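Summary of the model geometry
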Amino acid sequence: MIEFINVTKTYDKNEKDALKNVNLFIDKGEFVFLVGRSGAGKSTFIKLLLREIDASTGTVKIKGHDISKLSKKEIPYLRRKLGVVFQDFRLLENKSVYENVAYAMEIIGRPERKIRKKVPLALEMVGLSHRANHYPNELSGGEQQRVVIARAIINNPSILICDEPTGNLDPVTSRDIMRILEEINKHGTTVVVVTHDSEMVNIMKKRVLTLENGYLTSDDVKGRYRNAK
Ligand code: ADP
Ligand code: ADP
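An unreviewed UniProt entry lists the chain under the name Cell division ATP-binding protein FtsE, with Eubacterium callanderi given as the organism. You can read under Sequence similarities (unreviewed entry) in the UniProt record for the chain the words "Belongs to the ABC transporter superfamily." Regarding the chain, the relevant UniProt record gives this comment under Subunit (unreviewed entry): "Homodimer. Forms a membrane-associated complex with FtsX."

Right under this line is the structure:
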């Protein structure tokens with residue numbers, strides 16, 4: 001599903017590489033944490049997947065396709081396969097919960113009748129049916145993050161990428177968010193969670209990839225967060 005073959009990313013010739021000879025394979029349906037200190041290369045990993053940036057050397061494959069070979073026209077289709085959840089919610093404040101989620105279908109031209117069918121299902125999936133007509137500023141942080149998740153899954157991405165999804169949330173709310181991500185994963189979506197939240201990683205006992213200074217230094221099945229130097 002996601003494959004990095006000897007991927008190196010250098011932003012600036014005078015600086016160290018942001019990612020260095022990274023090799024990894026994430027299979028369809030996996031749930032993976034990507035951890036590492038600030039500056040380790042986590043955002044670079046996400047930007048490479050979304051093709052916001054290109055690898056300096058090496059190959060990034062999604063579903064078997066080398067994404068560097070995609071034309072400009074094909075990149076939006078790549079991004080549709082990837083749902084993204086950011087820490088800073090990026091919700092539209094003047095739209096209701098329902099409208100925020102529906103909007104993600106509208107912008108890719110899905111018909112109104114599909115939207116009316118799918119948005120309630122997505123809101124149910126994240127436990128927000130009762131908030132459909134509320135506005136983002138009327139919601140708690142955890143609820144806002146659930147809207148973001150509903151929006152990210154509404155177009156059935158194969159892969160859900162979550163960048164610090166529990167960064168600003170208390171432990172109990174964080175656990176709820178993780179349960180929702182697990183549920184989405186059980187329905188077949190590959191889930192990649194980038195996080196600093198070592199407690200959460202240790203509770204979840206999923207595969208953990210660790211980046212240190214651009215190097216992939218560990219890959220543990222049912223791993224623990226390593227407090228890397
Ligand atoms: P993380 O997300 O783990 O904090 P990043 O991927 O943002 O790490 O950064 C990895 C390294 O690349 C850091 O040394 C950072 O300073 C550098 N870096 C990130 N983005 C840029 C950029 N646009 N230009 C130059 N260097 C960058
Ligand atoms: P359904 O299975 O709900 O009747 P379709 O057969 O139209 O819907 O499409 C199946 C899935 O493929 C949809 O859930 C939708 O996410 C995706 N899909 C279909 N057409 C498009 C499109 N133009 N852009 C993005 N995704 C699409």
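Moving on from the coordinates now.
**Regarding the sheet that holds strand β5 (residues 65-66)**
Strand order in this open sheet of 4 strands is β2-β1-β4-β5, and the pairing throughout is antiparallel. The sheet terminates laterally at β2 (19-26) and β5, the two strands that pair on one side only. Pairing geometry for strand β1 (residues 2-9) and strand β4 (residues 57-62), over 5 bridges, is antiparallel. Pairing of Glu3 across the sheet is with Lys61, part of β4. Of the strands in this sheet, β1, β2 and β4 are in contact with helix α1 (residues 42-49), which crosses β1 at around 120 degrees.

**What about unusual backbone geometry?**
At Asn21, a position not held by glycine, the phi torsion is positive, near 45 degrees. Looking at the secondary structure, you find Asn21 in strand β2. Here Asn213, not a glycine, exhibits a phi torsion of approximately 50 degrees, which is positive. Looking at where Asn213 falls in the secondary structure, it is placed in the loop between β9 (207-212) and β10 (215-220).

Cut-off values and rules
- Residues numbered from 1 in each chain as written.
- Chains lettered and ligands numbered in written order.
- Predicted model: local features only at pLDDT ≥ 70, side-chain atom pairs only at ≥ 80, totals over all residues.
- Heavy atoms only, no water.
- UniProt positions renumbered as here; feature names shortened; annotations may be inferred.
- Pairing = 2+ DSSP bridges.
- Helix = DSSP H or I, 4+ residues; strand = E, 2+ residues; numbered from the N terminus.
- Contact = heavy atoms within 4.5 Å.
- Axes fitted to C-alpha atoms, helices over the stretch in contact; angles between N-to-C directions.

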